[in-house]
Amino acid sequence: MIYLDHNATSPVDQRVLEAMQPYMTSIYGNPSSLYRLGRVARSALETARCQIAALVGAEPSEVIFTSGGTEANNLAIKGLFVNSQVKKIFIPKTEHPSVLAAALSLKDPLAIEYLDVDSQGLVDFEIAPSRLGAGLNFVSVMMANNETGVIQPIAKLSEYFKAIHSAIILHTDAVQALGKIPVDIATLNVDMISLSSHKIYGPKGVGALVARNPELLTPLLFGGSQEHGVRAGTENVPAIIGFGKAAEIAQQSLMTRSEFLKQLRDYLEGQLRSQIPGVMLFSEQVKRLPNTVQFAIPKTDGEMMLMQLDKKACAVSSGSACANGGQASHVLMAMGVNEALAKSAVRVSLGEMNTKDEIDQFIILLKSIVNHA
Ligand SMILES: Cc1ncc(COP(=O)(O)O)c(C=O)c1O
């Protein structure tokens, strides 16, 4: 099996699995329980909180565990709007569906202002100050796009918005950036960051919202007082321990991992250009994640390509894993790519276990599918 879809999810690192196991068998206490078994679970959970905070340069008290990136994005958006003075939210058209749909769910009187992107996918954030509403404004821009890998200049964007308006809350969805490029809350100068474990070789179903001011958030779930009272429910201890371990490993290996991925990605791009006539690489002129390549072979169908590759035991994605049903990618459409070409799109996202040999095999498979199409 050649797995080339790490932006969809990544396999759990063996060290992560080993760290999690005791918390499913022997150390199964509820972290809210006062006796020893509970206290040991609590202490491990707090260690994980520190590991995640360290990876993004935040304080442990700013980390709110969630069930993943989707819940973190929903908590950032919906949690802020309920009972708050925010009247406007600014989001690029190329955001992940968990941001777009969470914003849409707020309905009126909230005004969603969509930000355009250019042909490379970079957000046009220098908006006229008159577009901002009175009172608090909320801006949510993803750090790196899950389909194209395009990295947005969040620090610059934040500087711009904070200079034109005094009451701005900035959020970035860093689910895809985490573990691939540095993510630092102070450098980015944002108020909230969404994270997910399963993109960094941790388990699925766990993530975090890192919030400078958690007290501004109204919970999505009510019940116990877990997670500063912002997210009720017994914590998923084994998954959180796994996320913490994955974050620790990501911090230690960030530079080597990212350099390795970049070299492999550059090799893949070189092979695509030289071996696949007419191939088009999206967003190739701008900074992208070191592991992501989205390309199109004109007059082919991305989903057909995915299915054909699957038959040969090779996993890639056509656009985003969440956007199925044969619809053209909303990200590419927002970049002005025509519908036919957008439907040809294939995304390859590399991981630390991939090899040059696998890339060669992938190119051979791709060529044979194109030649028989
Ligand atoms: C950019 C981005 N944000 C959010 C999510 C949702 O994360 P999760 O799968 O943990 O809910 C994803 C998942 O693909 C993503 O790529």
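Keep in mind that what you see is a predicted model, and the values were worked out from it rather than measured. (Residues numbered from 1 in each chain as written. Predicted model: local features only at pLDDT ≥ 70, side-chain atom pairs only at ≥ 80, totals over all residues. Heavy atoms only, no water.)

**Description of the overall build of the chain**
(1) Moving on: Helices and strands together make up the secondary structure of the chain, namely 11 helices and 12 strands.
(2) Moving on: Taking 373 residues into account, the globule formula puts the C-alpha radius of gyration at 21 Å, and the chain, at 21 Å, falls close to it.
(3) Moving on: A total of 373 residues make up the chain; the buried ones form 57% of that total.
(4) Moving on: Put simply, 71% of the contacts in the chain that link residues at least 6 apart link residues at least 24 apart.
(5) Moving on: Within the structure as shown, the chain displays about 15,500 Å² of accessible surface, and the carbon and sulfur contribution to it stands at 55%.
(6) Moving on: The positive charge centre, built from 32 side chains, and the negative charge centre, built from 35, are 2 Å apart in the chain. (Helix = DSSP H or I, 4+ residues; strand = E, 2+ residues; numbered from the N terminus. Rg over C-alpha atoms; globule rule 2.2 N^0.38 Å. Buried < 20%, exposed > 50% of the residue type's maximum accessible area, 1.4 Å probe, protein only. Contact = heavy atoms within 4.5 Å. Areas by Shrake-Rupley, 256 points an atom, 1.4 Å probe, with all protein chains shown as cover. Lys, Arg positive; Asp, Glu negative; His and termini not counted. Charge placed at Lys NZ, Arg CZ, Asp CG, Glu CD.)

**Side note on the nonpolar core**
(1) Moving on: Core analysis: the largest hydrophobic core is formed by 66 residues, its most contacted members being F65, V183, I193, L195 and F243.
(2) Moving on: Take this core: its biggest share by element is nine residues, from helix α7 (residues 237–275).
(3) Moving on: Structurally, this core is a two-domain feature, drawing no fewer than three residues from each of domain 1 (2–8 + 254–372) and domain 2 (14–249).
(4) Moving on: Ignoring any residue separated from it by four or fewer positions in sequence, one finds F243 in contact with I52, F65, L178, L195, S196, S197, I200, P203, V206, G207 and A208. (Core = buried A, V, L, I, M, F, W, Y, C linked by side-chain atoms within 4.5 Å. Domains from an automatic or database assignment.)

**Structural notes on empty space enclosed by the protein**
One way to see where empty space is left: roll a probe the size of a water molecule over the atoms.
(1) Moving on: Evaluated as defined, the whole model comprises two cavities of 30 Å³ or more.
(2) Moving on: In this model, the largest cavity occupies a volume close to 60 Å³.
(3) Moving on: Along the walls of the largest cavity sit H6, S10, G179, K180, K199, I200, Y201, R257, L261, N291, L350 and G351, which together make up its complete lining.
(4) Moving on: Taken together, the residues of the lining of the largest cavity break down into four nonpolar, five polar and three charged.
(5) Moving on: Looking at the lining of the largest cavity, you find at least three residues from each of domain 1 (2–8 + 254–372) and domain 2 (14–249).
(6) Moving on: In this structure, the second largest cavity spans a volume of roughly 50 Å³.
(7) Moving on: When its residues are assigned to classes, the lining of the second largest cavity shows six nonpolar, one polar and two charged. (1 Å grid on protein atoms, 1.4 Å probe; cavity = no way out; pocket = protein on both sides within 12 Å on 5 of 7 lines; lining within 4 Å. Points joined across faces, edges and corners; volume = space filled by probe spheres on them. Nonpolar A, V, L, I, M, F, W, Y, C, P; charged D, E, K, R; others polar.)

**Details of the site of the ligand**
(1) Moving on: In the region of the ligand, 14 residues are neighbours, and T70, D173, Q176, S196 and K199 sit closest.
(2) Moving on: Q176 places a polar side-chain atom, nitrogen or oxygen, 2.8 Å from an oxygen atom of the ligand.
(3) Moving on: Side-chain polar atom of S196 to an oxygen atom of the ligand: 2.7 Å apart, as the coordinates give it.
(4) Moving on: Against a free-state accessible area of 390 Å², the protein chains account for coverage of 88% of the ligand. (Near = heavy atom within 4 Å. Polar contact = N/O pair within 3.5 Å; in protein donor to acceptor, adjacent residues only side chain to side chain.)

**Thoughts on the pattern of salt bridges**
(1) Moving on: Evaluated as defined, the whole model comprises 21 salt bridges.
(2) Moving on: In this structure, R15 engages D13 in a salt bridge whose closest nitrogen and oxygen atoms are separated by 2.9 Å.
(3) Moving on: We classify D13 as buried; its relative accessible area is 11%.
(4) Moving on: When salt bridges with common partners are traced through the structure, they connect K262, R265, D266, E269, R273, E284 and R288 into a single cluster. (Salt bridge = Lys/Arg side-chain N within 4 Å of Asp/Glu carboxyl O.)

**Notes on the sheet that holds strand β9 (residues 280–281)**
(1) Moving on: Across the sheet, which stays open at both edges, the three strands sit in the order β9-β10-β12 with antiparallel pairing between neighbours. Of all strands in the sheet, those bounded by a partner on one side alone are β9 and β12 (345–349).
(2) Moving on: In the sheet, strand β10 (residues 292–296) pairs with β12 via five bridges, with the strands oriented antiparallel. Residue Q294 lies in a different strand from β12, and its bridge partner there is R347. (Pairing = 2+ DSSP bridges.)

**Examining α7**
(1) Moving on: Helix length check: α7 (39 residues) gives 48 Å between terminal C-alpha atoms against 57 Å at 1.5 Å per residue, more than 12% under.
(2) Moving on: The largest bend in α7 amounts to roughly 70° and is located at S253. (Expected span 1.5 Å × (residues − 1). Bend = angle between axes of the 7 residues up to and from the residue.)

**Notes on the domain arrangement of the chain**
(1) Moving on: Along its sequence, the chain is carved into domain 1 (2–8 + 254–372) and domain 2 (14–249).
(2) Moving on: Between domain 1 and domain 2, the C-alpha centre-to-centre distance is 27 Å.
(3) Moving on: Carbon and sulfur atoms supply 57% of the area buried between domain 1 and domain 2, which totals about 2,600 Å² over both sides.
(4) Moving on: When the buried area of domain 1 at its contact with domain 2 is split by residue, L254, R257 and L289 rank highest and sum to 23% of it.
(5) Moving on: Remark: the boundary between domain 1 and domain 2 carries 14 residue pairs in polar contact (both at pLDDT 80 or more).
(6) Moving on: Secondary-structure elements contributing two or more residues to the side of domain 1 that touches domain 2 are α7, β10 and α9 (330–334). (Buried area = accessible area lost by both parts, 1.4 Å probe.)

**Remarks on the packing of helix α8 (residues 302–311) against helix α11 (residues 356–372)**
(1) Moving on: At their nearest, the axes of α8 and α11 sit 10 Å apart, and the two run at 120° to each other. In terms of their interaxial angle, α8 and α11 are classed as oblique. By crossing handedness, the relation of α8 to α11 is classed as right-handed. The residues of α11 that touch α8, namely those facing M305, Q308 and L309, are F362, L365, L366, I369 and V370. (Axes fitted to C-alpha atoms, helices over the stretch in contact; angles between N-to-C directions. Parallel < 35°, antiparallel > 145°, perpendicular 65-115°, else oblique. Left-handed = near helix turned anticlockwise from the far one by under 90°.)

**What about the environment of G135?**
(1) Moving on: In this structure, G135 sits in the loop between β4 (111–115) and β5 (137–140).
(2) Moving on: Sequence-distant contacts of G135, that is, excluding residues within four places in its chain, are made with H165 and A167.

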